[in-house]
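# Inside the fold
Single-letter residue listing:
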Amino acid sequence: MLRLLHTADWQMGMMATGLGPAAARVRAARLDSLRNLLALAADREAQAILVAGDLFEDNQVGSTVVEGVVGLLNDATRVPIHIIPGNHDPFTRDSVYRRPVWSQLRGHIKVHTTFEPVRLAADALLFPCPLDRKFGMDDPTTAIPVRNGGAELRVGLAHGTMRIRPGVGDDYFPIALDAADRRGLDYLALGHWHSTLAADGVGAGAASARACYSGTHETTRFGERDSGNAVLVTLNRPGEPPAIETLRTGVLRWTDLEIDLDRQPIADAARTLREWPEAERTLLRLTLRGALPPQASAELLALRDLARERFVHCAIDESQIRPADTGDEIFTTPHLRQTAEALRALASGAAPGIAPAPGQTAPAASPEVARRALQILHQAAWSARA
Amino acid sequence: MILLRLAVEDWKGLRGRVELGPLSPGLNLIHGPNETGKSTLLDALCRGFFDRHGSTGEEMKKRQTWGTNLGPRVEIDFEAGGGRYRLIKKFLTSPSCELSRWRDGAWEKFDEGKSADERIVELAAGESTGKGMTKPEHWGLGQVLWAQQGQAAELAVGDRQQLRLREALKLTIDGAQGEAVERAVFERYDESYSPGGKLRGGQQNMAAVLRLAEESAAADATVKEIEERMRAIEQASHDLANAEAENEATKAQSLVTQTELVQQRAKLAELTARQLAYAELETAQAKASERWESLNGQVHRIAAADAAILAAQAAADSSRLKGEQAAAARAGAESALNAAKAEQEARSAEVEACEKAQAGAERIVRWLEVRRQAEAAERQAEQARARAKAVADARNDLTSLAAPSAREIEALRKLHRQVGDKRAELAAASLRVRIEPAKPLNIATRVDEAESPAATLDRPLELSAVGAAELVIEGVGRIVIRAGASDAVALAAELAKLERTWREKTAAFIDAAPGTPGSPGNSGNPLPPADLAPLEALAARRAAAEQRLTTLEQQPASTPADVASLEQAVREARATQQALIAEEPALASGEFTPDGARADLASAKARVAAAKARLASAANFVKEQAKLHEAARNRAEEAGRDRAVHAAMLETKTNEAAALRQVDGQTDAQRREALHAALTALDQARQRLAAAERPPVESLRRDIELLEKQERAQNTSLQIQGNDLGRLRKTVDDAGGEGLYSRLAEATEKAEDLRARQREAELDAAAVKLLHETLQSRKRETLDALLLPVRLAVETQFGELVGPRYSRVEFDDRLAPSGVRPAGRDVEAPADALSFGTREQLMLLVRLALARLLGREGERQCVILDDPLVNADRARQRSALRILRQAGSDAQILVLTCDPSAYDGLEGAAKFDLAAIAKAARG
């Protein structure tokens, strides 16, 4: 029996746009999740860790990133680790794997830069398929010799595109859907897609799957499904289907949340955020929709502050909020009421525009601008009342 | 608030206690000449209400009556907030303040000192100052409703007053919330926009949008720079891979070259050994060939020498034969030459005889010619003698003729004309003058003779020939007419003188001239001066004689010298004849004719020419024969030389052949046998060489040289590639340390973040601008609506005052009139553009309208106007009085004026003669 921990696409040092100051936190979390993964490998008595490419986001990542990873791999485990370069960190002349820091590796870590098979165990062979360039349309697994008899377990380690299910489109380095069978492999550990996917198209854990994407060990963006995992693969005998188990490794949660203010007062929404479990490990993409009464403008401000304080990152989409038709009673002067009415009409698209004041140019009175103007008015009025 | 009574004591120019009251709650007229203290009353009113009684300082001291230390004092009864009050304030000297309230029919003091000061300010709705004296903005509604002298055309409304007015007018647009909202919005607007509505630039107060745009652009630039660097590294990596592949290929090629070199060098060693054996065969062949060529050469040389002997012999024979032929030809030519020379001598003698005959013929012809010339000369000499005689005769004739010459006759003609002219002049001297005026002429006439002077010439005036008249004709000038006997006498004397001259000049010709007194038929009288014809005829005869002499003198040889010359020529010709006869005695006979002699001469010349032609032909023939003889002689000599040469050559060749045969000492047969043997040996050597293959050593050496050259080139390439590889490896290896992607990630994240913030800031800025402008617009509309009653009142009364010139009065948001709209035009004229009087009247109307509205809505207000109609014309004054009367029903009006007559129409007004009151106070 052979037990392997299959992982890929660590994308260390990746770029995280749109997150503001949280980007650094997101990068740091990838090392935290790697610690989780190494700990799981030890806990689950994996005989080897297979890293199916894209350990790094790019060959030009900073030395700190590389040294951090190398240091962790050196110090945090003694489980043998087999790494192949992927399309993000191909074994080119400027490859990250050529840096001097790799000479500090201990013997349990092996970066495979050739297709030469290595022995995983007395009765098991590993066929690494490293990439030496970023782009290509050849199948890297074709370098694996087909099974010619023998009673050894054969494991492939490759990085490329296997059309495991609809929606997974053609990409670079296409890998035949039946590559494992063709090459006589008992298991083909794949990297490239960030979601955990097995070759039978129904996800990891399927009994018949011989090829599997472990997915990235830490989610890289919003909307990325079933990521932040590694898979534990157990091979009993040659020819038998592998047992695949998904293990959670990710540290951060990337969550989308929609709140309909027509159904839920903004105070309730604030409560939801306030009571959010593990908010300190959550990146939130919050969409607010529905009508916002004037008196709730201050609450909206408070909601924003709350979200930014509690969560690793919170992006609030307020573009679908519309000003409520009621609530103008907060205005004690007629011209403020009239101003609010005019802006509301503009925000709803009912009014073509606002007549400019004498000497003023016509404002860029798009509905979005009008909505924002109305919010400012509401906040100011609410503050004045307070 | 209205005033009930006002008392002022020792305040500036108002000495003693000056009291006005009771004041009417409606119209009040306080009048007095200038300097009576009207403005002082208003000053005391304001200071009494709003300044602390403890105020000191220069400004307050100016209120003291000049030259005294008395403390200015004011006492005011007024109604405010439903109560009736009395304030008494004294400044500077023993300052005090006391406030009393009317209660139960009596005044009751309820405050004093500073506290009373503050309470009074509160009652009057004014403001206190911390330090110094108050200003109009502290006077509450007094700032608006109390118009000081010279400031009636201005209307400033302070913030507090505005609030009061707004509250009173129910203009609640700027309540606390409105103000707070506006302030919040305006502050945010000011953060981003300049007053002109443009985003703020500059380093200090730059709008967030612009600042973020700048930062975003800088971040983008950083991203671009890193991307460029990454592309460069990627390219370097690619280049390095290619360079390494190329280097490997070159190394492989170099290895192949080196291997091949080793192989070829081994092969060269083997071939070099084989080449030595081949060289020996080549040497043997060369020796055989040399032997054969030597023998063959000897044989051929002997054969050639024999052939040369035969050829020399033939040539010697031929030259001998040619010498003999040339000698014969030379003898023939010599004979022919001698014959030609004899012929030439004969022809020469013939020519000489013919020339002698020709000379004789020529002398005969010459003699005949000389004889002819002598005879002609004799004839010419005779003719010359005759012509010389004729000339002498003509000269004698001319000398004997007494006639005037051409010049003399011309002078006589001139004199004749002068005589005639003088005679005519003398005749004309006896004239008469007659003047017949067409109209009477005013003249001053001086007539020396018969006529008497006349002032007016109105009849003909005749003047005699002797005398003079001087006429002065008005408008024409002076005319002098003179005639006199002295002139006629002078003329006659001149005429006589001329006639005397005439006679003297013509006297010499009188006798010769036909028809003249001296001529035959005349009696010796002088020539009449009128008759020039006889002298003209005499002159004509002289001219003819002169002409004839001239003609004779112009003929040739007509002088004695000519005659002598011709006679000498005759003598010379005769001498020549005699000389010719001496040469040719036959001439002495003289029996020769010119024609015969010329024929003989021509015949002799022809014979001479024919003889000369024959001589020339003979001479030419001699020359030809001489040439032929020379050529024959040369040929004979050349043939002799050839013969000697060929004989010598024959001897030489014979000697050479003998010498060749003596070289090897062999016979000809022996020699042929040896040659055959050598040829056989040579054939055998050739066959052996042909059987042995020449080793390709040179080709192999060239190949090796090429390989060595190739090896050097490969080494050079490897060196260059090594350098390139080193450089590229360094570039690529160093790039890893830069961490470009990590830098790119951070820069991109920052740029993205800045862009998002920029978008947000843009949205915010646009929203603030929109809100700002919408707020302004709506506020303006609201204000317009709320101010409508004030506007309508002012516009109506303004129309009454100035006529239908303006259709609308505009107010700014501080409730002050900002401008007017001329009727029928959609433009606004600023209030400042109105004339001072019109602006003053407009402000009067605004004050009255505000006071009236305030009075209707709540408390009656006091309006103080300091000479409000001083700048109005009569018509406007009448309208203004009407308006003031109406205003008096809703507000208390205090009019201060120095011209009470202007307010005669202000019925019902309480009137106060300030001058009288003040006088009474002083007195």
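Predicted model only: the values in this text are computed from it and were never measured. (Residues numbered from 1 in each chain as written. Chains lettered and ligands numbered in written order. Predicted model: local features only at pLDDT ≥ 70, side-chain atom pairs only at ≥ 80, totals over all residues. Heavy atoms only, no water.)

## Here we look at the nonpolar core
This is how the line gets drawn: In plain words, nonpolar cores are sets of buried Ala, Val, Leu, Ile, Met, Phe, Trp, Tyr and Cys residues tied together by side-chain atoms within 4.5 Å. Partly exposed residues are those whose accessible area sits between 20% and 50% of the maximum for their type, while under 20% is buried and over 50% is exposed, using a 1.4 Å probe and protein chains only. Segments assigned H or I by DSSP are reported as helices when at least four residues long, segments assigned E as strands when at least two residues long, and all are numbered from the N terminus. Source of the domain bounds: an automatic or database domain assignment.
Core analysis: the largest hydrophobic core is formed by 88 residues, its most contacted members being Leu3(B), Phe49(B), Trp146(B) and Ile893(B). Looking at which element gives the most residues to this core, the answer is helix α17 (residues 836–857) of chain B, with eleven residues. Taken domain by domain, this core gets at least three of its residues from each of domain 1 (1–21 + 37–139) and domain 2 (141–167 + 787–907) of chain B. Of all hydrophobic cores here, the second largest spans 76 residues; its members include Val61(A), Phe91(A), Ile233(B) and Ala735(B).

## Observations concerning the packing of helix α7 (residues 367–385) of chain A against helix α15 (residues 740–786) of chain B
Worth spelling out the cut-off: All axes are obtained by fitting lines to C-alpha atoms, using only the stretch in contact for helices, and the reported angles, taken between N-to-C directions, cover 0 to 180 degrees. An angle below 35 degrees is read as roughly parallel, one above 145 as roughly antiparallel, one from 65 to 115 as roughly perpendicular, and any other as oblique. Two residues qualify as a contact provided that any one of their heavy atoms is within 4.5 Å of a heavy atom in the partner residue.
The geometry of α7(A) relative to α15(B) is characterised by a closest axis approach of 8 Å and an angle of 70° between their N-to-C directions. Classified by the interaxial angle, the pair formed by α7(A) and α15(B) is roughly perpendicular. Along its contact with α7(A), which presents Glu368(A), Val369(A), Ala370(A), Arg372(A), Ala373(A), Ile376(A) and Leu377(A), the element α15(B) presents Glu760(B), Leu763(B), Asp764(B), Ala766(B), Ala767(B), Val768(B), Leu770(B) and Leu771(B).

## Topic: the environment of Asp764(B)
Put simply, the rule reads: Here a polar contact is taken to be a pair of N or O atoms separated by no more than 3.5 Å, where protein atoms must pair a possible hydrogen donor with a possible acceptor and residues adjacent in sequence count only if both atoms sit in side chains.
Examined against the element boundaries, Asp764(B) turns out to sit in helix α15. Taking the relative accessible area as the measure of exposure, Asp764(B) reaches 22% and is therefore partly exposed. Note: C-alpha distance between Asp764(B) and Ala208(B) (556 residues apart in sequence) is 9.8 Å. The contact partners of Asp764(B), leaving out residues within four places of it in the chain, are Arg372(A), Ile376(A) and Arg188(B). A polar side-chain atom of Asp764(B) sits 3.2 Å from a polar atom in the side chain of Arg188(B).

## Some remarks on the interface of chain B and chain A
Put simply, the rule reads: Buried area is a sum: the accessible area each of two parts loses on coming together, probed at 1.4 Å, counted once for each and added. The working definition used for a salt bridge is a side-chain nitrogen of Lys or Arg within 4 Å of a carboxyl oxygen of Asp or Glu.
Tallying the contact residues gives 53 residues for chain B and 51 residues for chain A. With both chains or domains summed, chain B and chain A bury close to 4100 Å², and 63% of this area falls on carbon and sulfur atoms. If you sort the residues of chain B by the area they bury against chain A, Gln177(B), Tyr741(B) and Leu770(B) come out on top, with a joint share of 18%. Put simply, chain B and chain A have four salt bridges between them.

## A word on the packing of aromatic side chains
By convention here, two paired aromatic rings are described through the distance between centres and the angle between planes. Put simply, the rule reads: When two rings of Phe, Tyr or Trp (its six-membered ring) have centres within 6.5 Å they constitute a pair, described as stacked for plane angles under 30 degrees, edge-to-face for angles over 60, and tilted for the intermediate range. Sitting over a ring, as applied to charges here, requires NZ of Lys or CZ of Arg to be within 6 Å of the ring centre and within 35 degrees of the ring normal.
For the structure shown, the criterion picks out 16 aromatic pairs over all chains. A centroid spacing of 6.1 Å and a plane angle of 85° characterise the contact between Phe56(A) and Trp102(A), whose relative ring orientation is edge-to-face. Highlighted residues: Phe56(A) in the loop between β2 (48–51) and α2 (63–76) and Trp102(A) in the loop between β3 (81–83) and β4 (109–111), separated in sequence by 46 residues. Trp102(A) carries the same exposure label as Phe56(A), and that label is buried. Taking 4.8 Å as the distance between ring centres and 25° as the angle between the ring planes, the aromatic pair formed by Tyr189(B) and Tyr193(B) counts as stacked. Here the two residues Tyr189(B) and Tyr193(B) agree in accessibility, since each one is buried. One aromatic cluster in this structure is built from Phe49(B), Phe50(B), Phe78(B), Tyr85(B), Phe110(B) and Trp146(B). Of note, Arg98(A) hangs over the ring of Phe91(A), and the distance from its end group to the ring centre comes to 4.2 Å. The positively charged end of Arg101(B) is found above the aromatic ring belonging to Phe110(B), 4.4 Å away from the centroid.

## Details of the confidence of the model for chain B
Residue and element names in this part refer to chain B. What counts, and what does not: Note on scores: pLDDT gives the predictor's confidence for each residue, bounded by 0 and 100.
On average, chain B scores 82 in pLDDT, and the residues at 70 or more come to 88%. With pLDDT under 50 throughout, residues 445–454 is counted as low confidence; its partners more than four residues away or in other chains account for 17 contacts. Contacts for the low-pLDDT stretch residues 518–527, under 50 throughout, to residues beyond four places or in other chains number 25 contacts.

## As for the side chain of Lys38(B)
Residue and element names in this part refer to chain B. Heads up, the rule is: Positive charge is attributed to Lys and Arg, negative charge to Asp and Glu, and no charge count is given to His or to the chain ends.
With respect to the element layout, Lys38 can be found in helix α1 (residues 38–50). Put simply, Lys38 is tucked away with no salt bridge, and the nearest opposite charge, on Asp867, sits 5.7 Å away. A polar atom in the side chain of Lys38 sits 2.9 Å from the backbone oxygen of Gly32. If near-sequence neighbours (up to four positions away) are discounted, Lys38 is found in contact with Ile30, His31, Gly32, Pro33, Leu896, Thr897, Cys898 and Leu914.

## A closer look at the sheet that holds strand β20 (residues 892–897) of chain B
Strand pairing in a sheet relies on backbone hydrogen bonds. The paired strands run either parallel or antiparallel. Residues and elements named next belong to chain B. This is how the line gets drawn: DSSP calls a pair of strands paired once it identifies at least 2 bridges connecting them.
If you walk across this open sheet you meet the five strands as β8-β19-β20-β3-β21, and the pairing is parallel. Either end of the sheet is taken by a strand with one partner, and the two such strands are β8 (146–147) and β21 (910–913). Strand direction decides the pairing type here: strand β19 (residues 862–866) and β20, joined by five bridges, are parallel. Its bridge partner being in β20, Ile864 is matched across the sheet by Leu894. On the sheet, helix α19 (residues 914–922) packs against β3 (27–31) and β21 and is oriented at approximately 50° with respect to β21.

## So, a nonpolar patch on the surface
All names here are of chain A. Applied cut-off: For patches, a residue must show more than 30% relative accessible area and have no salt bridge; joins then use 9 Å for like charges and 5 Å for nonpolar side chains, namely Val, Leu, Ile, Met, Phe, Trp and Tyr. In these tables, accessible area is a Shrake-Rupley quantity obtained with a 1.4 Å probe, and a residue counts as shielded only by the protein chains included in the view.
A cluster of nonpolar residues, Phe135, Met137 and Tyr172, forms a patch on the protein surface that exposes about 340 Å² of accessible area. Along the polypeptide, Met137 turns up in the loop between β6 (124–129) and β7 (153–159). By relative accessible area, which is 58% here, Met137 ends up exposed.

## Things to note about the packing of helix α7 (residues 208–400) of chain B against α15(B)
All names here are of chain B. This is how the line gets drawn: Two helices cross in a left-handed way if the nearer one is turned anticlockwise from the farther one by less than a right angle. They cross in a right-handed way if the turn is clockwise. Any residue that is not Ala, Val, Leu, Ile, Met, Phe, Trp, Tyr, Cys, Pro, Asp, Glu, Lys or Arg is counted as polar, Gly included; the first ten are nonpolar and the last four charged.
Running from N to C, α7 and α15 cross one another at 155°; their axes reach a closest spacing of 8 Å. Here α7 is positioned roughly antiparallel relative to α15, judged by the angle of their axes. Between α7 and α15 the crossing geometry is left-handed. For the contact of α7 with α15, the class distribution of residues is 16 nonpolar, four polar and eight charged.

## Digging into the pattern of salt bridges
All names here are of chain B. Across all of its chains, the model carries 78 salt bridges over all chains by this definition. With a closest N to O distance of 2.4 Å, Arg372 and Glu369 form a salt bridge. Note that Arg372 and Glu369 are positioned in helix α7 at a spacing of three residues, about one turn of the helix. A salt bridge links Glu494 to Lys422; the shortest N-O distance between them is 2.6 Å. Pair noted here: Glu494 is in helix α9 (residues 485–506) and Lys422 is in helix α8 (residues 406–428), with a separation of 72 residues, a long-range link. What makes Lys422 buried here is its relative accessible area of 15%.

## Regarding helix α1 (residues 22–43) of chain A
Residue and element names in this part refer to chain A. Counted only if it meets this: Given the number of residues in a helix, its expected span is that number minus one, multiplied by 1.5 Å.
Helix length check: α1, at 22 residues, gives a terminal C-alpha distance of 31 Å against a target of 32 Å (1.5 Å per residue), a fit within 8%. Taken residue by residue, α1 has Ala22, Ala23, Val26, Arg27, Ala29, Arg30, Ser33, Leu34, Leu37, Leu38, Leu40 and Ala41 as its buried positions. Looking at the residues trailing α1, positive phi occurs at Glu45, about 55°.

## Re the side chain of Ser297(A)
In this fold, Ser297(A) is placed in helix α5 (residues 297–310). In contact with Ser297(A), not counting residues within four places along its chain, are Leu292(A), Gln375(A), His378(A) and Gln379(A).

## Here we look at the pairing of β19(B)
Residues and elements named next belong to chain B. Inclusion rule: When the strands point away from the viewer, a crossover counts as right-handed if the path from the first strand over the helix to the second runs clockwise.
Burial runs high along β19: five of the five residues are buried. The side-chain alternation of β19 yields two buried faces, one formed by Cys862, Ile864 and Asp866 and the other by Val863 and Leu865. Bridge analysis of β8 against β19 gives two bridges, and the strand direction is parallel. When the sheet's bridge partners are listed, Trp146 is paired in β19 with Ile864. The parallel pair β19 and β20 is bridged by helix α18 (residues 874–887), and the resulting crossover is right-handed.

## What to know about the environment of Lys62(B)
All names here are of chain B. Looking at the element boundaries, Lys62 is found in the loop between α2 (58–61) and β4 (73–80). What makes Lys62 exposed here is its relative accessible area of 53%. In sequence terms Lys62 and Lys12 are 50 residues apart; their C-alpha atoms lie 7.2 Å from each other. Of note is the side chain of Lys62, whose polar atom sits 3.1 Å from the side chain of Glu59.

## Description of α2(A)
All names here are of chain A. Under the 1.5 Å per step criterion, the end-to-end length of α2 is 19 Å for 14 residues, consistent within 8% with the ideal 20 Å. Among the residues of α2, Val66, Val69, Val70, Leu72, Leu73 and Asn74 are the ones counted as buried. In this structure, the buried side of α2 is in contact with α1, β3 and β4.

## Quick notes on the sheet that holds strand β12 (residues 243–248) of chain A
Residues and elements named next belong to chain A. Strand order in the open sheet made by the six strands is β4-β3-β2-β1-β11-β12, with mixed pairing throughout. Of all strands in the sheet, those bounded by a partner on one side alone are β4 and β12. Taking each pair of neighbouring strands and ignoring which way they run, the sheet shows an average axis angle of 20°.

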